Amino acid sequence: MSFDYKKEYKEFYLPPKKPHLLEVPPMNYVAVRGRGNPNEAGGAYQEAIGILYAIAFTIKMSKLGSHKIEGYFDYVVPPLEGFWWQEGTDTIDYSRKEDFCFISVIRLPDFVTKEDFDWAVAEATQKKKKDFSKAEFLTVGEGLCVQCMHIGPYDEEPATIGKMQAYAEAQGCFFDHTKERLHHEIYLSDPRKAKPESLKTVIRIPVKKS
């Protein structure tokens, strides 16, 4: 049976609908940076998603080719995630989607080295005849965060974030947005298939103790 990160690490991917604090260890990702409205057809965000999945599945399917990755085990490709911010502010204004900056990511298994990643980029480039140079191997250590499962449309996230902030403050913490510590979302639903009111999104925000 394939290793499923969502099931094996429920604390990171299947949290309760009530805010809670957790310590998030460093994780490796395939990442693509960009900016602009994520809903724009053919825009930077849509392009980033295409690059991420191409690299992620090249690594997953390496078991069928000549490139053997040391320590490889079969696994389910983890869900799409994103780090988000807007320049000049510590908050996010959902009405100004054109001002979004993002790092879209998919988690990589720990057995994937930088050398394996570079191989996957070259392999995907050769097979698909596309430019995957925007993909990067990224390690993120988030540390202490407040996390919550948001159910519903993305534009209704501010209400959930408000509850998360109130909870964090009650625990003696405050939001700690910096260039290295960003608003983080994990997308458990496919917006092309799920109804807006049924969308499941893990929201994770870095905090610091007062």
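Heads up: these notes are all about the structure in this document. (Residues numbered from 1 in each chain as written. Predicted model: local features only at pLDDT ≥ 70, side-chain atom pairs only at ≥ 80, totals over all residues. Heavy atoms only, no water.)

**Considerations on helix H4 (residues 114-128)**
So, step 1. Taking 1.5 Å of rise per residue, 15 residues should cover 21 Å, and H4 covers 21 Å from first to last C-alpha, within 8% of that figure.
So, step 2. Among the residues of H4, those classed as buried are Asp116, Phe117, Ala120, Val121, Glu123 and Ala124. For H4, the arc enclosing every buried residue in end-on projection is 170°, short of the 170-degree limit, so these residues lie on one face. The exposed residues of H4 that point more than 90 degrees off its buried face are Glu115 and Gln126.
So, step 3. Residues of H4 that are buried in the fold lie against strand E2 (27-35), helix H3 (44-60) and strand E5 (136-140).
So, step 4. Residue Lys129 follows H4 closely and has a positive phi angle near 55°. (Helix = DSSP H or I, 4+ residues; strand = E, 2+ residues; numbered from the N terminus. Expected span 1.5 Å × (residues − 1). Buried < 20%, exposed > 50% of the residue type's maximum accessible area, 1.4 Å probe, protein only. Arc of directions from axis to C-beta. Contact = heavy atoms within 4.5 Å.)

**Some thoughts on the nonpolar core**
So, step 1. By size, the foremost hydrophobic cluster in this structure holds 47 residues, and its most contacted members are Val30, Ile55 and Ile59.
So, step 2. In this view, Ile55 contacts Val30, Phe117, Ala120, Val121, Ala124, Phe132 and Ala135; residues no more than four positions away in its chain are not counted.
So, step 3. Within the second largest apolar cluster, 12 residues are counted, among which are Ala168, Cys173, Ile203 and Ile205. (Core = buried A, V, L, I, M, F, W, Y, C linked by side-chain atoms within 4.5 Å.)

**Focus: the state of the cysteines**
So, step 1. One pass over the full model with this rule turns up 0 disulfides.
So, step 2. Cys101 takes part in no disulfide bond, and the closest cysteine sulfur to it belongs to Cys145, at a distance of 20 Å.
So, step 3. When its relative accessible area of 3% is taken as the criterion, Cys101 is described as buried.
So, step 4. Cys145 carries a free sulfur, and the closest cysteine sulfur to it, the one in Cys173, is 11 Å from it.
So, step 5. The buried category is assigned to Cys145, whose relative accessible area is 1%. (Disulfide = S-S within 2.5 Å.)

**Concerning the side chain of Asn28**
So, step 1. Within the secondary structure layout, Asn28 lies in strand E2.
So, step 2. At a separation of 2.6 Å, a polar atom in the side chain of Asn28 contacts the side chain of Thr139.
So, step 3. For Asn28, the contacting residues outside a window of four places in its chain are Ile106, Arg107, Leu108, Phe137, Leu138 and Thr139. (Polar contact = N/O pair within 3.5 Å; in protein donor to acceptor, adjacent residues only side chain to side chain.)

**Focus: the pattern of salt bridges**
So, step 1. Inspection of the entire model under this criterion finds 13 salt bridges.
So, step 2. Among the ionic pairs, Arg33 bridges to Glu136, the shortest N-O distance being 2.8 Å. Of this pair, Arg33 sits in strand E2 while Glu136 sits in strand E5, and the two are 103 residues apart along the sequence.
So, step 3. Residue Arg33 is classed as partly exposed on the basis of its relative accessible area, which comes to 46%.
So, step 4. With a relative accessible area of 23%, Glu136 lands in the partly exposed category.
So, step 5. Residue Asp74 is joined to Lys63 by a salt bridge in which the shortest nitrogen-to-oxygen separation is 3.2 Å. Here the residue Asp74 occupies a position in the loop between H3 and strand E3 (80-85), and Lys63 occupies one in the loop between H3 and E3, the gap between them amounting to 11 residues.
So, step 6. Exposure remark for Asp74: the relative accessible area of 29% places this residue in the partly exposed category.
So, step 7. On the basis of relative accessible area, Lys63 is assigned to the partly exposed category, the value being 33%. (Salt bridge = Lys/Arg side-chain N within 4 Å of Asp/Glu carboxyl O.)

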